[in-house]
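As a plain string of letters, each chain reads:
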Amino acid sequence: MFGLGWPEVAIIGIVALVIFGPKKIPDMGRALGKTLKGFKEEMNTPTSEEDDTD
């Protein structure tokens, strides 16, 4: 995962927990998931610019 090992991921998680608190982390994860889902849908949907190639 981005060249990070499990110890680095654990440290990042702990720091995020300390900074944002346990109640804010699930909300942030949910928002990130929705953003990534929307981005993925947009990448898979052909645009009109691609259809107009003559």
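A brief look at the structure comes next. (Residues numbered from 1 in each chain as written. Predicted model: local features only at pLDDT ≥ 70, side-chain atom pairs only at ≥ 80, totals over all residues. Heavy atoms only, no water.)

### Describing the pattern of salt bridges
Move 1: Tallying each qualifying case throughout the model produces 1 salt bridge.
Move 2: Ionic pairing is found between Asp-27 and Arg-30, a salt bridge with its closest N-O pair at 2.9 Å. Taken together, the residues Asp-27 and Arg-30, both in helix 2 (residues 24–44) and 3 residues apart, mark about one turn of the helix.
Move 3: A relative accessible area of 40% means that Asp-27 is categorised as partly exposed.
Move 4: When its relative accessible area of 48% is taken as the criterion, Arg-30 is described as partly exposed. (Salt bridge = Lys/Arg side-chain N within 4 Å of Asp/Glu carboxyl O. Helix = DSSP H or I, 4+ residues; strand = E, 2+ residues; numbered from the N terminus. Buried < 20%, exposed > 50% of the residue type's maximum accessible area, 1.4 Å probe, protein only.)

### Description of the packing of helix 1 (residues 6–20) against helix 2
Move 1: Contact geometry for helix 1 and helix 2: axes closest at 9 Å, N-to-C directions at 115°. Taken together, helix 1 and helix 2 sit at an angle that is classed as roughly perpendicular. In this structure, helix 1 uses Ala-16, Leu-17 and Phe-20 to contact helix 2, whose residues at the interface are Lys-24, Ile-25 and Met-28.
Move 2: Broken down by class, the residue content of the contact of helix 1 with helix 2 amounts to 5 nonpolar, no polar and 1 charged. (Axes fitted to C-alpha atoms, helices over the stretch in contact; angles between N-to-C directions. Parallel < 35°, antiparallel > 145°, perpendicular 65-115°, else oblique. Contact = heavy atoms within 4.5 Å. Nonpolar A, V, L, I, M, F, W, Y, C, P; charged D, E, K, R; others polar.)

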